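Structure at a glance
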Amino acid sequence: MKELTTKEQYEYFVDTFSKFGSSILKESDDDIEYIIFEDIIDNVISFLHTIVIDKLLEEKYINKEVYDLCCDFRKQFLVLEEKSLRSATEIRKSKEWIDLMKLADEIKSKLWR
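Computed from a predicted structure; not experimentally measured. (Residues numbered from 1 in each chain as written. Predicted model: local features only at pLDDT ≥ 70, side-chain atom pairs only at ≥ 80, totals over all residues. Heavy atoms only, no water.)

**Observations regarding the nonpolar core**
Rules: Residues belong to one nonpolar core when they are buried, are Ala, Val, Leu, Ile, Met, Phe, Trp, Tyr or Cys, and are joined through side-chain atoms within 4.5 Å. Relative accessibility decides the category of a residue: with a 1.4 Å probe and only protein chains considered, values under 20% of the type maximum give buried, values over 50% give exposed, and everything between is partly exposed. Strands here mean DSSP runs of E at least two residues long; helices mean DSSP runs of H or I at least four residues long; both are numbered from the N terminus. Here a residue-residue contact requires only that any non-hydrogen atoms of the pair lie within 4.5 Å.
Ranked by size, the top nonpolar core spans 33 residues in total, and within it Phe-13, Phe-20, Phe-73, Phe-77 and Trp-97 carry the most contacts. Mapped onto this core, the elements with two or more residues apiece are helix H1 (6-19), helix H2 (29-47), helix H3 (50-58), helix H4 (64-82), helix H5 (88-93) and helix H6 (95-110). Once you skip the residues sitting within four places of it in the chain, Phe-13 turns out to touch Phe-47, Leu-48, Ile-53, Leu-56, Ile-62, Val-66, Cys-70 and Leu-111.

Quick look at the structure:
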């Protein structure tokens, strides 16, 4: 299997934040659950891993502020993903999930376009 270039990794990194943020609250319950627990989880594990974001920082795809925010985001996402709040109804009511969505929005606003 071919290793991804840094540019390709950055595209998946950005894709993470284009899929996740406060805008998902407008989606159906099924879509919210799919986005969080099926789709974006893989990106969070792979493309927000320190190996990848270290490389993105080193090659100036992201700055130190975005790097730090992403480290926080990944840690919080993985903790919440392990909790029992697995339904869209619970996610919509959870301050922790809402705060994480706001953090994703903040990161997205700071990314190079």
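Having put the structure on the table, let's press on.
**Looking at the state of the cysteines**
Using the following cut-off: The definition used for a disulfide is geometric: two cysteine sulfur atoms within 2.5 Å.
Per the counting criterion, the structure on display carries 0 disulfides. With no disulfide partner, Cys-70 has as its closest neighbouring cysteine sulfur the one in Cys-71, 7.2 Å distant.

**Structural notes on the pattern of salt bridges**
Side chains that differ in charge, positive against negative, can pair when their charged atoms come close. The following threshold applies: Between Lys or Arg on one side and Asp or Glu on the other, a salt bridge is scored when a side-chain nitrogen of the former is within 4 Å of a carboxyl oxygen of the latter.
In the structure shown here, the tally under the stated rule is 9 salt bridges. A salt bridge links Asp-29 to Arg-92, with the nearest nitrogen and oxygen atoms 2.9 Å apart. Here the residue Asp-29 occupies a position in helix H2, and Arg-92 occupies one in helix H5, the gap between them amounting to 63 residues. Overall, Asp-29 belongs to the partly exposed group, its relative accessible area being 33%.

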